[in-house]
Amino acid sequence: MAAPAAAAPLGSMQSDEDRYFSTNPPPKDLDQHMALVEAFVDKHAKANRRIVLVTSGGTTVPLEKQTVRFIDNFSAGTRGATSAEYFLDDKADYAVIFLHRQFSLQPYSRHYSHATHSFLDFLTEDENGHGVRSRDEDAASMLSVWRRYRAAGDRLLALPFVTITDYLFELRAISRIMHRLGPNGLLYLAAAVSDFFLPPERMAEHKIQSTDINADKSSGKPLGSFAADEDEETFDNFDSSPKVPRSKSLVIDLDPVPKFLKSLVDNWSPESMMISFKLETDPDLLIGKAKGALERYQHHLVIGNILATRKQEVVFVTPQDVNWVRLSEADVAANVEIETLIVPQVISLHEEHIRIYKAKEKTQ
Ligand code: PAZ
C-alpha cells in the first residue's frame, strides 16, 4: 500500500488559478489598460450608466517565448463587434469595454475593414479632383454608420489582447474593477477562448527548429517535444543537392487552461450579470454542454451556437429555459444581423437582473 501523501502545510495550497497567474507573464500593457478601465468605469458609474464588457475574437496559444508560431482559431470577432454596436445604440445607451483580439473586427469600422474589396473601393474622387469622398451608392449607409460611431463617442473603450494568457489577465483585472458597478455590470463573453495552452516551463525560448542542426546553439535546451527519429541517417534529398537531415515531426503536448468562469462568478465580479457563449459543431452536444456550463459555473445565461449556423440562430439556455432565437428566411435574405435579436433580449434579462438585485437589497 502506498504511504499517504504528507499533508500540505496550511497556507501553502495554491489553486489552479493562482498557479496559472503566478507562472504566466502578464501582458505588458496591463497596468496602462487598467488605468483606462478605472477612469472609464468611474465616469460612466457617475452617470449611472450600465457597462458591458464584450469579449471578442480568438486567443492565440504561443509555441515559443519569442513567438514565431502559435495556434489560433477561426473567430474574426463578428459576434463581439456587432453586439458592441447594438449595446452602444442610443436607445440602449450602454458603455462598452470592448476586449478584442488585436486586428479583429471593431464596432463600426467592421463594415469596411474586412470587406471582400478594399476600403478604397468605397471612395471616389471629389468634384474638384482635390480629395476623395464616398461613392454615391455607399453614401447613405456610410453616413448612418458614421453618425452611430460619432454618437458612441466616449462610451466605447477598445482594448486589444493577443494570447490566451493576455486575455485571462485582462478579463480578471477588468471584471474586478467592474465589481464596483454592482448589478449594473454585464459580462458578455463572446471571445473564442482556447481550452489549451503551453505552460512557460515547456515553451522553447527561440523558434522551434525542424532539424537538430544548431539546436543547442539556438536555445541551449531541448526544442519542444519532437518525435524521435529512429533512423538518424535519413535525409530530405530528392535531387543531387547537398544532403540535409530530414525534418522532424513536431508533437505538441498542451495543458488544459484552468476553468476561470467559476472564479469570475464567485470572486472577481459576483454581482455583475454574466453571459458566456458556447460554440459546438455537433448540434447533438450543444444544449447538454450549455446546461453543463450553467451548472458548473452557476452564472446567468449561456448563449449556444453551432459553427455553421451561428449567424442565423442561437439558443438562450438559462437554469429555467431553452429558447431558440432565429432570423426568419426573409431576414436572412435581407442580411439582417442576428445580434439585432440577441442584444435586446440580453438587455431585458440584464434589467431583470438589476430589478431582482435591488428587490433583494430592500428586504435585507
Ligand atoms: O467571431 P465570430 O462571430 O466568427 O464567432 C463568434 C463565436 C462563435 C466565437 C461566439 O459566438 C462564441 O460562441 N464564442 C464562444 C466560443 C467558445 O469558446 O465556446
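What counts as what
Residues numbered from 1 in each chain as written. Predicted model: local features only at pLDDT ≥ 70, side-chain atom pairs only at ≥ 80, totals over all residues. Heavy atoms only, no water. Helix = DSSP H or I, 4+ residues; strand = E, 2+ residues; numbered from the N terminus. Expected span 1.5 Å × (residues − 1). Buried < 20%, exposed > 50% of the residue type's maximum accessible area, 1.4 Å probe, protein only. Pairing = 2+ DSSP bridges. Salt bridge = Lys/Arg side-chain N within 4 Å of Asp/Glu carboxyl O. Patch = residues over 30% accessible without salt bridge, like charges linked within 9 Å, V, L, I, M, F, W, Y side chains within 5 Å. Areas by Shrake-Rupley, 256 points an atom, 1.4 Å probe, with all protein chains shown as cover.

Per an unreviewed UniProt entry, the chain goes by Phosphopantothenate--cysteine ligase cab2 and derives from Sporothrix bragantina.

> Would you take a moment to explain helix α11 (residues 339-363) for this structure?
Because an α-helix packs 3.6 residues into every turn, residues spaced three or four apart end up facing the same way. The end-to-end C-alpha separation of α11 is 36 Å, in line with the 36 Å expected for 25 residues at 1.5 Å each. Turning to α11, its buried residues number three or more, namely Glu339, Ile342, Val343, Val346, Ile347, His350, His353 and Ile354.

> Explain the pairing of strand β8 (residues 185-189) to me, please; I cannot follow it from the model alone.
Each regular strand carries side chains that alternate between the two faces of the sheet. With 5 of its 5 residues buried, β8 lies for the most part within the structure. Here β8 shows a buried face lined by Gly185, Leu187 and Leu189 and a second buried face lined by Leu186 and Tyr188. Note: strand β1 (residues 51-56) against β8, 5 bridges, orientation parallel. Bridging from a neighbouring strand, Thr55 pairs with Leu189 of β8.

> So what exactly am I meant to see when it comes to the pattern of salt bridges here?
Side-chain pairs of opposite charge can arise where the charged atoms are in close proximity. Taken as a whole and judged by the stated rule, the model has 25 salt bridges. For Arg110, the salt bridge identified is with Glu85, shortest N-O distance 2.8 Å. In this pair, Arg110 sits in helix α4 (residues 110-113) while Glu85 sits in helix α3 (residues 78-88), placing the two residues 25 residues apart along the sequence. Here Glu337 makes a salt bridge to Arg110, at a shortest N to O gap of 2.7 Å.

> Can you walk me through a nonpolar patch on the surface in this structure?
Residues Ile71, Leu250 and Ile252 make up a contiguous nonpolar surface patch of about 210 Å² in total accessible area. Here Ile71 is to be found in strand β3 (residues 70-71). When its relative accessible area of 32% is taken as the criterion, Ile71 is described as partly exposed.

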